[in-house]
Amino acid sequence: EAVVNRIAAGEIIHRPANALKELIENSLDAGSTSIQVSIKDGGLKLLQIQDNGHGIRVGDLAIVCERFTTSKLRTFDDLSTMSTYGFRGEALASVSHIAHVAITTKTKDSNCAYKASYSDGAIIPAKPGGAAEPKPCAGNNGTQISAEDLFYNVPTRRKALKNATEEYNRILDVVNRYAIHNEGVSFTCRKVGSNTPDVHTTTSATVVDNIRHIYGTAVANELLSLEKSYPVYPLKIKGWISNANYNVKKFVMLLFINHRSVESPAIRKAIEAVYTTYLPKNTHPWVYLSLEMDPRNVDVNVHPTKREVHFMNEEEVIATICEAIQDRLGDANV
Ligand code: ADP
Ligand code: MG
């Protein structure tokens, strides 16, 4: 059974950045305003996240890494809390099957923090043969989750991921995207042992401040805001897009659907086509888009870590997005 679970976990978590994305989303779901990420060896040795969210009650610590354990509602009427991807209570369980997981957490109403370690979906007894209860300890409000030795028990996966620099860049990319999308939340990401974080956003920074911090002044100074609602689908589009004269060699698209970072090659292709009439040859757009749609219209068969997403009325929705961008570019370039 352990092997089957490990294989299932490996299908959800392909690399450190996938695990981190899930952990960041959990911290955001817990209402955190500070999220600090620490990394060793591209996340393969250590992936650690510290948040200041509502914490996990000590009574829930024993089961939190079991499959399908979730504190989040899942009803068809409660659109704001329903999972967009039909994926619930699997992330922590998956990570615990492919790494050594430790959780230290404190809720506001508790006098102390509690720490517990996990393996293969279950809490590990504090002493061999001893009781499996979480140990009281000192700690701030919020949750710290560490995943050590990622894929220690999946040698093929481990071998395929030997480039720590590449893995770290993917981790940074995930942190950057979520930092830009979550105004009012402070994010840091650092390598353990390094004094200066590679990303550091503050709670008072605006979206554009964060874009400037991460992508530079050249991008930030060229941005056009985008905001439109279409009650028909329904669909809400928000974001910031580069103006026509933005001059870079790589198309950057930050895409969020219902606040989850996703990829959509179809949206990418369509947006690039809109820009071709405006951009000089061999230059590309920079686009940050946040789409909100009825979760029932988003394909629930796609696992979030596969990232590539499909949704209902895809062609119409994409045409609508392109029209909004086209209008904005047109207005700015008369
Ligand atoms: P899901 O997010 O789909 O509920 P997860 O496996 O990602 O499933 O997390 C399981 C549960 O653990 C969550 O429902 C939540 O109750 C709790 N949890 C995980 N991370 C945190 C966190 N950073 N702060 C508070 N609670 C958390
Ligand atoms: Mg989760």
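See the structure shown above.
Here the structure is a predicted model, which is why all the values come from computation and not from measurement.

Student: Residues and numbers for empty space enclosed by the protein, please.
Tutor: This model, assessed by the stated rule, comprises two cavities of 30 Å³ or more. Considering the residues around the largest cavity, the lining is formed by Asn5, Ala8, Ala9, Ile12, Arg67, Glu90, Ala93, Ser94 and His97. Of all elements in the fold, only α1 (2–12) and α3 (91–98) reach the threshold of two or more residues within the lining of the largest cavity. Here the lining of the largest cavity is built from residues that sort into four nonpolar, three polar and two charged. Empty space within the second largest cavity amounts to approximately 40 Å³. Considering the residues around the second largest cavity, the lining is formed by Tyr233, Pro234, Leu235, Met293, Asn297, Met312, Asn313 and Val317. Looking at the lining of the second largest cavity residue by residue, the class counts come to six nonpolar, two polar and no charged.

Student: I'd like to hear about the site of ligand 1, residue by residue, with values.
Tutor: Taken together, 18 residues form the shell around ligand 1, and within it Asn26, Thr70, Ser71, Lys72 and Gly89 come nearest. When residues of the shell around ligand 1 are traced back to their parent elements, those giving at least two are α2 (16–29) and α3. Here the residues of the shell around ligand 1 sort into five nonpolar, nine polar and four charged.

Student: Lay out the pattern of salt bridges in plain terms, naming residues and giving numbers.
Tutor: Using the criterion set out here, one finds twelve salt bridges in the structure. Note that Asp149 and Lys45 form a salt bridge whose closest N and O atoms lie 2.6 Å from each other. Of this pair, Asp149 sits in the loop between β7 (142–148) and α4 (155–160) while Lys45 sits in the loop between β1 (34–40) and β2 (46–51), placing them 104 residues apart in sequence. A salt bridge links Glu166 to Arg170, with the shortest nitrogen-to-oxygen separation between them at 2.9 Å.

Student: With reference to specific residues and values, describe the nonpolar core.
Tutor: Core analysis: the biggest nonpolar cluster contains 57 residues, and Ile24, Ile103, Tyr118, Val175, Phe187 and Cys189 have the highest contact counts within it. Of all the elements, helix α5 (residues 164–181) adds the most residues to this core, at eight residues. The residues that make up this core include at least three from each of domain 1 (2–200) and domain 2 (216–332). Aside from chain neighbours lying at most four places away, what touches Cys189 is Val37, Ile39, Tyr168, Ile171, Leu172, Val175, Pro197, Asp198 and Val199. Leu235, Ile237, Ile241 and Val262 belong to the second-largest nonpolar core, a separate cluster that totals 32 residues.

Conventions used here
Here, residues in each chain are numbered from 1, in the same order as that chain's written sequence. The naming scheme follows written order: chains are lettered A onward, ligands numbered 1 onward. The model is predicted, so local features are restricted to residues of pLDDT at least 70 and side-chain atom pairs to those at 80 or more, both for listing and for counting; the totals for chains, interfaces and linings are taken over all residues. Think of the side-chain values as coming from all heavy atoms in the structure, minus any hydrogens and water. Cavity and pocket criteria rest on a 1 Å grid covering protein atoms alone: a 1.4 Å probe that fits but cannot get out defines a cavity, protein on both sides within 12 Å along at least 5 of 7 lines defines an open pocket, and an atom within 4 Å of a point defines a lining residue. Grid points are joined across faces, edges and corners, and a volume is the space filled by probe spheres set on the points. Each helix corresponds to a stretch of at least 4 residues labelled H or I by DSSP, and each strand to a stretch of at least 2 residues labelled E; elements are numbered beginning at the N terminus. Only Asp, Glu, Lys and Arg are considered charged in this grouping, and only Ala, Val, Leu, Ile, Met, Phe, Trp, Tyr, Cys and Pro are considered nonpolar; every other residue, Gly among them, is considered polar. We call a residue near a given molecule or strand whenever any one of its heavy atoms falls within 4 Å of it. Any Lys or Arg side-chain nitrogen located within 4 Å of an Asp or Glu carboxyl oxygen qualifies as a salt bridge. To qualify as a nonpolar core, a set must consist of buried Ala, Val, Leu, Ile, Met, Phe, Trp, Tyr and Cys residues joined through side-chain atoms within 4.5 Å. Each residue's exposure class comes from its accessible area (1.4 Å probe, protein chains only) as a fraction of the maximum for that residue type: buried when under 20%, exposed when over 50%, partly exposed otherwise. Boundary definitions for the domains trace back to an automatic or database domain assignment. Contact definition: two residues touch when any of their heavy atoms are within 4.5 Å.

By themselves, these observations are geometric and do not establish any function.
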